[in-house]
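# Structure at a glance
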Amino acid sequence: MLLLAGSTIGGTPGVSPVKVNEIALGPAGFVELRNTASTTADIGGWTVRTCAGGTSEILATISPGTPLGPGEYFVIVGAAFSGTVPNGLIVETVDGSGVIARNRHGAHTDSVGLSSSSPCREAGAATPCADSSLGRDGASRDTDHNSADFSCRIPSPGESNH
């Protein structure tokens, strides 16, 4: 069986090496994707969806042919974001109760939800953070259980979480 970098077997969350690694909500918010593999992943055509209520809608579509090298980050930022991010997109705002990353075939690759009713959550919802971001540990561990995988962090879009 041949498995291409960035592909997902059966659409099961947690199989793709590209993870939703960190998020912060609002007009100055961001969604950070991280390639945890030792090879480059083609994330072109991927979508990041934001969840609100019981539905999700496209927040951003990544341009075709976008490579994401081993350990690299791709960051989608809200228009009011004031930091510097070398690899990413700008959207109006990052709102909702979480986000879902889908590969170019539409398969769910990873997600994080902030409420038990969010269609973005994987198992238990992550606990929202006041005045900080919600991120994985420095190794970007993924157990497909948001409450175990995400915790409050000092915002570090495009950098390792500490």
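Preceding this paragraph is the structure being described.
Residues numbered from 1 in each chain as written. Predicted model: local features only at pLDDT ≥ 70, side-chain atom pairs only at ≥ 80, totals over all residues. Heavy atoms only, no water.

### Comments concerning the overall build of the protein
Along the protein, the regular secondary structure elements total one helix and twelve strands. For the protein, the sequential pattern of α-helices and β-strands runs β-β-β-β-β-β-β-β-β-β-β-α-β. Computed over its C-alpha atoms, the radius of gyration of the protein comes to 14 Å, within 12% of the 15 Å expected for a compact globule of 162 residues. Once the C-alpha set of the protein is aligned to its principal axes, its extents read approximately 45 × 35 × 30 Å. Sequence separation of 24 or more characterises 53% of the internal contacts of the protein that already satisfy a separation of 6 or more. (Helix = DSSP H or I, 4+ residues; strand = E, 2+ residues; numbered from the N terminus. Rg over C-alpha atoms; globule rule 2.2 N^0.38 Å. Contact = heavy atoms within 4.5 Å.)

### Looking at the sheet that holds strand β9 (residues 98–102)
Spatial strand order, β5-β4-β9-β10: four strands in an open sheet with antiparallel pairing. Two strands lie at the open edges of the sheet, namely β5 (55–61) and β10 (108–113), each paired on one side alone. For this sheet, the mean angle separating the axes of adjacent strands, direction not counted, is 25°. When strand β4 (residues 47–52) meets β9, the two strands line up antiparallel, connected through four bridges. Bridge pairing in β9 links V48 to A101. (Pairing = 2+ DSSP bridges. Axes fitted to C-alpha atoms, helices over the stretch in contact; angles between N-to-C directions.)

### With respect to the side chain of E22
By the element assignment, E22 lies in strand β1 (residues 18–24). It is R153 that comes nearest to the buried, bridge-free E22 among opposite-charge side chains, at 7.1 Å. Contacts of E22, omitting those with residues within four sequence positions, involve F30, V31, E32, S133, L134, G135, R153, I154, P155, S156, P157 and N161. (Buried < 20%, exposed > 50% of the residue type's maximum accessible area, 1.4 Å probe, protein only. Lys, Arg positive; Asp, Glu negative; His and termini not counted. Salt bridge = Lys/Arg side-chain N within 4 Å of Asp/Glu carboxyl O.)

### Looking at the pairing of β4
Of all six residues that make up β4, five are buried, and the element is covered over most of its length. Where β4 lies against β5, six bridges are found, and the strand directions are antiparallel. Bridge pairing in β5 places T50 opposite E57.

Honestly, it's all geometry; don't read function into it.
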